Amino acid sequence: MDAPGRRLVLPVLSAGLAFAVCAPLLGRGFVLSYDMVFAPRQYFVPDAFGLGSTLPRSVPADAAVALATTVLPGDIVQKIVLLLAIFFAALGAGRLVPTEHQGTRLVAATAYAWTPYVAERLFIGHWPLLLTYACLPWIVEAALAARKHEPNSLPKLVIACAPAVLTPPGGVLAAAVLVVAAGSRRLWQTVPLAVVLNLPWLVPTFLNAGGTFSDPAGVTAFSARAESWGPALLSVLGLGGIWNAETVPGSRAVPLVPVLTLVVVALAIAGLRPLARRWGKAPVLSLTGLGVVGVVLASLATLPGGATLLTAATRYLPGAGLLRDAQKWVAWWALPLALGFALAVEAAAAKLKTARGRVALVTAAAVFPLLTMPDLAWGGWGRLGTAQYPADWEAVAQRLDDRPGDVLALPLSAFRGFAWNGDRTQLDPAPRALPKPVLMDDTLQVGAERIAGEDPRIGDVRAATSALELTEAGVGWILVEHGTPGYVDPRLLAGATPVWSGDWLTLYRTPGVPVVKAISWTPALLANGVALALLCVALLCRMLPMRTLGRGRILPPRKE
């Protein structure tokens, strides 16, 4: 194969992996599963900037989607996001591995992109975490360039981090990789960059410091879970172990999986030695150490004394709720695991005497993740599918006029199960489908555990016995969603005025004039503006024909 053909192999494989997962989802319609909720048009409501009464868990992701849906329909935006997340995860890992062998790149690509972490986060709907995961190899590549003081490496870092910081967990994952990979001598640059990029969620979090405590019961409910006969730690080492058993691929329960996990981990550790020879010991030790921290954090609640420690932190430390669903931190372990595994396979192949044997070994290693977890393909073998929003949603959105007050979504539950979406469990779409702030009960039921929500206003709603009392709590509208489990107290509707009714939704107007608390948009808009300005400067630097900035001159590009 000629050189151009070899260069195309990795992008073609990456695209193939993305389409293998997303092919059944590419028709018109929305993938609505657990936390993954896109709407035909998303709006710039206060919650999109973290200015609501709850923690900014989806900031600035909601604002970014709202901006994107002013240009493209929401389902197209969603499909682009899912495809690009898997494509760039595979492409980035394949590019990052330091090798001249194309086969090694393919092994790294599949080992990184076809993992339980990707499957479980896809099935539970955590698309911002998938974007973060896809960005990590690119962040490391740019950070290693910054470590070597290569020209324009800092703008590359900013651009690589931008899609990763759409939520607080993603921002922390990306910031840690950025700082660790770039090294201690770059701290004076990388730490400020990480802080500025995360300002859109940091600022509203500090402004709402009094509401940054989470229910300690969530520590146990959201702890890592064993997926086979081994302990939870072993599942986490294999990049699995998510708390929600319903989002775990069935193949993860195969008894051979824990054994294969230990084999892969052993090979990856062996492969870190050639990685250190090519990168240098410092970055490899730093990234591997961060990976070990991710494994420990992900498993901490299952280790002796870990649950007690996390419970105390959640009860007394503001923002410690980030440690809830701690399995997400194992993303730090994914890169050392994939790169080490790929280089170990390369070393083993080099010892074989025949080219046919080397090709067979590398091919087997590249398809190994697909064979051990085939049920990520085809949308999880039909686990995911598309659905169209009923016309009721657009009709309700058009009837929400300028009257003040939030929309209360009933029944009081964060999750729904509609027949028009195949009765799949999904987050209530109202906060993203309507042009008004939506108040919903964010209490979560996880097995036998009931995890208290973080919105202090829900207590007033639960105590209300009439529509007038809802008005006094700042509610201007009541949206009743039909065809989903839950009870609606008829007393809350008795004094309300019906505005519109359809098969799936009924909209009411509460009596009187709601008392709405004034919102100061300035801090949030300023935070978003500063982060966006940094990104624009980085893009400008990448576009300008210069080798470096800040040395007092502009150099034309050299002829290659």
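Below, the structure is looked at part by part. (Residues numbered from 1 in each chain as written. Predicted model: local features only at pLDDT ≥ 70, side-chain atom pairs only at ≥ 80, totals over all residues. Heavy atoms only, no water.)

**With respect to empty space enclosed by the protein**
Heads up, the rule is: Only protein atoms enter the 1 Å grid used here, on which a cavity is any set of points holding a 1.4 Å probe that cannot leave and a pocket is any open set flanked by protein within 12 Å on both sides along at least five of seven lines; residues with an atom within 4 Å of a point are listed as lining. Grid points are joined across faces, edges and corners, and a volume is the space filled by probe spheres set on the points. For this classification, Asp, Glu, Lys and Arg are treated as charged, while Ala, Val, Leu, Ile, Met, Phe, Trp, Tyr, Cys and Pro are nonpolar and the rest, including Gly, are polar.
Enumeration over the complete set of coordinates arrives at seven cavities of 30 Å³ or more. Of the voids in this model, the largest cavity is the one considered here, and its volume is about 340 Å³. In terms of lining, the largest cavity is formed by 21 residues, of which the most central are Pro-116, Gly-238, Val-264, Phe-368 and Thr-372. When its residues are assigned to classes, the lining of the largest cavity shows 15 nonpolar, five polar and one charged.

**Concerning the state of the cysteines**
Heads up, the condition is: Whenever a pair of cysteine sulfur atoms sits within 2.5 Å, that pair is classed as a disulfide. Exposure categories follow from relative accessible area, calculated using a 1.4 Å probe and restricted to protein chains: below 20% of the type maximum is buried, above 50% is exposed, and the middle band is partly exposed.
Tallying each qualifying case throughout the model produces zero disulfides. Summary of cysteine pairing: Cys-22 is not part of a disulfide, and the nearest cysteine sulfur, belonging to Cys-135, is at 16 Å. Accessibility expressed as a relative area gives 2% for Cys-22, which makes it buried.

**Considering unusual backbone geometry**
Note: most residues except glycine have negative phi, and most peptide bonds are trans. Operational definition: Strands are runs of DSSP state E lasting at least 2 residues, helices are runs of H or I lasting at least 4, and numbering of each runs from the N terminus.
Across the junction of Val-59 and Pro-60, the peptide omega takes the value 5°, indicating a cis bond. Considering the arrangement of structural elements, one finds Pro-60 in the loop between helix H1 (3–22) and helix H2 (61–68). Going from Leu-410 to Pro-411, the amide bond is cis rather than trans, its omega being 0°. Residue position: Pro-411 is located in the loop between strand E1 (406–410) and strand E2 (415–416). Phi at Trp-378 is positive, roughly 55°, even though this residue is not glycine. Looking at the secondary structure, you find Trp-378 in helix H18 (residues 377–381).

**Some thoughts on the layout of surface pockets**
Estimates place the volume of the second largest pocket at around 1,500 Å³. Looking at the second largest pocket, it is lined by 45 residues, and the ones nearest its centre are Cys-135, Ile-159, Ala-160, Ala-162 and Pro-163. Only H2, helix H3 (74–96), helix H6 (127–147), helix H7 (153–161) and helix H24 (522–543) provide two or more residues apiece to the lining of the second largest pocket. Sorting elements by how many residues they give to the lining of the second largest pocket places H6 first, with nine residues. Tallied by class, the residues present in the lining of the second largest pocket amount to 36 nonpolar, two polar and seven charged.

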